[in-house]
Amino acid sequence: MNESDPALAGEGVTALILEVFRLNGRLLAAGDRLVAGLGLSSARWQVLGAIALAGTPQPVAHLARSMGLNRQGVQRIVNELADEDILAFRDNPHHRRAKLVVMTAKGKAAYEAANRLQKPWVDALAQGVAVEDVTACQRLIETLRVRLEAEADPE
């Protein structure tokens with residue numbers, strides 16, 4: 001692909017987007033299978049991951065934004081997980097109504113168990129893939145995500 005030809009680059013990005021859509025579906029299905037025995041789904045696992053990666057308790061709106069999802073969908077999952085004592089709500093000193101979401105001991109155990117299952121699975125998936133290719137792909141996807149975020153929130 002010629003870097004200086006936007007039309008060719010656009011065709012390549014279109015093909016990449018279609019593959020990302022297909023990959024997303026396969027990843028969700030594989031994730032569902034991987035963590036089903038833990039009472040999780042890919043969506044639930046993703047919420048737990050967002051909470052863990054945040055480092056500090058966050059309200060649902062912040063978690064949803066970090067995941068690139070809408071607040072209502074994340075709120076539904078958070079409520080389900082809270083009903084199952086996997087997550088809990090804490091008072092937010094910065095906002096009276098937007099509670100902070102935290103993992104309970106049960107939630108931390110489920111998240112850690114999911115990560116233990118994920119490690120050998122992802123290592124097998126990555127077998128034979130060049131680290132340089134993974135790094136280049138990750139950089140490209142991040143660049144596209146950042147551009148889309150800038151379009152959506154042009155402050």
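Residues numbered from 1 in each chain as written. Predicted model: local features only at pLDDT ≥ 70, side-chain atom pairs only at ≥ 80, totals over all residues. Heavy atoms only, no water.

A. Representation of the packing of helix H1 (residues 6-35) against helix H5 (residues 105-125). Direction vectors running N to C along H1 and H5 enclose 125°, while the axes themselves pass 10 Å from each other. Between H1 and H5, the angle is such that the two are oblique. Relative to H5, the crossing made by H1 is right-handed. Residue-level contacts link Leu27, Ala30, Leu34 and Val35 of H1 to Ala114, Leu117, Gln118 and Trp121 of H5. Broken down by class, the residue content of the contact of H1 with H5 amounts to 7 nonpolar, 1 polar and no charged. (Axes fitted to C-alpha atoms, helices over the stretch in contact; angles between N-to-C directions. Helix = DSSP H or I, 4+ residues; strand = E, 2+ residues; numbered from the N terminus. Parallel < 35°, antiparallel > 145°, perpendicular 65-115°, else oblique. Left-handed = near helix turned anticlockwise from the far one by under 90°. Contact = heavy atoms within 4.5 Å. Nonpolar A, V, L, I, M, F, W, Y, C, P; charged D, E, K, R; others polar.)

B. View of the side chain of Thr104. Relative to the helices and strands, Thr104 resides in the loop between strand S3 (95-103) and H5. Excluding its chain neighbours within four sequence positions, the residues that come into contact with Thr104 are Asp85, Ile86, Leu87 and Ala88.

C. Seen up close, the sheet that holds strand S2 (residues 87-92). Taken in spatial order, the 3 strands make up an open sheet running S1-S3-S2, and their pairing is antiparallel. Pairing within the sheet leaves two strands with one partner each, and these edge strands are strand S1 (58-59) and S2. Pairing geometry for S1 and S3, over 2 bridges, is antiparallel. Bridge pairing in S3 places Pro59 opposite Leu100. Together, S1, S2 and S3 form the strand contacts of helix H2 (residues 42-54), whose direction differs from that of S3 by roughly 100°. (Pairing = 2+ DSSP bridges.)

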